[in-house]
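Chain and residue survey
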Amino acid sequence: YQVLFGLMARRLAAGERQIGWKVGLTSKAIQQQFNVHEPVFGCILDQRPSGHVFAPADLISPGFENELCLRLGNDLTGTITREEARAAIDAVYPSLEIIETRGNLTEQLALALADNAQQKTVILGAPAALPKELETIEVTVVINGQTAAAGTGDAVLGNPLNSVVWLAAKLAEYGRHLKAGEIVMSGSFTRQFPINPGDTI
């Protein structure tokens, strides 16, 4: 993570802007797969205008995850409750995180974290008010007209709000905190899927 923060500082100095954070490895099955005891985090940086079109050659083994993206209305620092996390969120977006496989995540987890935990970009749907029950929200993944997976919000640490709780505490270990206006990618309801040229997702 310290290497990640150093790389972030370079990118921010070059003119990019941090707009939020991602939380990954949020399901117990994925944590066991990668032999970790907790989730991981990465940074979301804004470097291209909305609507940017990536050519296939611009991306390294791309894939996607389906997530709820939570926007903060006020700062959060350190140990917080789920209720405090809920009170701080002023909007939720259905979203797709576009990830890249830039190396072997299983064998080189530390390198993957320094490389921003596979994060490439994020696609946000229309914002909505925060629903009362996030753990029962359903998602269906449809690729080229075929249903590929389905899941519910409880796959994300039992409740996507728990991602915000975990992240606030983890960032405090590094002297950082969540800021009003930032977005938090809370974690995928299902496994990752690859993206191939021509796919409709």
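Below you will find a few notes about this structure. Quick caveat, the model's predicted, so the values are computed rather than measured.

What follows is about the pattern of salt bridges. The final tally for this structure, using the stated rule, is 8 salt bridges. With a shortest N-O distance of 2.8 Å, K170 and E38 are connected by a salt bridge. Taken together, the residues K170 in helix 5 (residues 161–172) and E38 in the loop between helix 2 (28–33) and strand 2 (40–46) connect sequence positions 132 residues apart. A single burial state applies to K170 and to E38, both of which are buried.

Attention now moves to helix 5. With 12 residues, helix 5 should reach 16 Å at 1.5 Å per residue; the first-to-last C-alpha distance of 17 Å fits that figure. The buried fraction of helix 5 amounts to 10 of the 12 residues, a majority that puts the element mostly inside the structure. Restricting attention to buried positions, one finds in helix 5 the residues L161, N162, S163, V164, V165, W166, L167, A168, K170 and L171. On its buried side, helix 5 packs onto strand 1 (17–24), strand 2, strand 3 (62–72), helix 3 (82–88), strand 4 (89–100) and strand 8 (183–188).

With that settled, consider the pairing of strand 3. Most of strand 3 sits out of view: 10 of its 11 residues are buried. Looking at chain direction, strand 3 and strand 4 are connected through 11 bridges and run antiparallel. Note that in strand 4 the partner of L68 across the bridge is P94. Here strand 3 runs beside strand 9 (residues 193–194); their pairing, made up of 2 bridges, is antiparallel. Bridge pairing links F64 to F193 in strand 9. Summarising the sheet, strand 3 and strand 8 pair through 4 bridges and their orientation is antiparallel. Residue pairing in the sheet places C69 in a bridge with M185 of strand 8.

Rules behind the numbers
Residues numbered from 1 in each chain as written. Predicted model: local features only at pLDDT ≥ 70, side-chain atom pairs only at ≥ 80, totals over all residues. Heavy atoms only, no water. Salt bridge = Lys/Arg side-chain N within 4 Å of Asp/Glu carboxyl O. Helix = DSSP H or I, 4+ residues; strand = E, 2+ residues; numbered from the N terminus. Buried < 20%, exposed > 50% of the residue type's maximum accessible area, 1.4 Å probe, protein only. Expected span 1.5 Å × (residues − 1). Contact = heavy atoms within 4.5 Å. Pairing = 2+ DSSP bridges.

Functional significance is not addressed by these values, which are geometric in nature.
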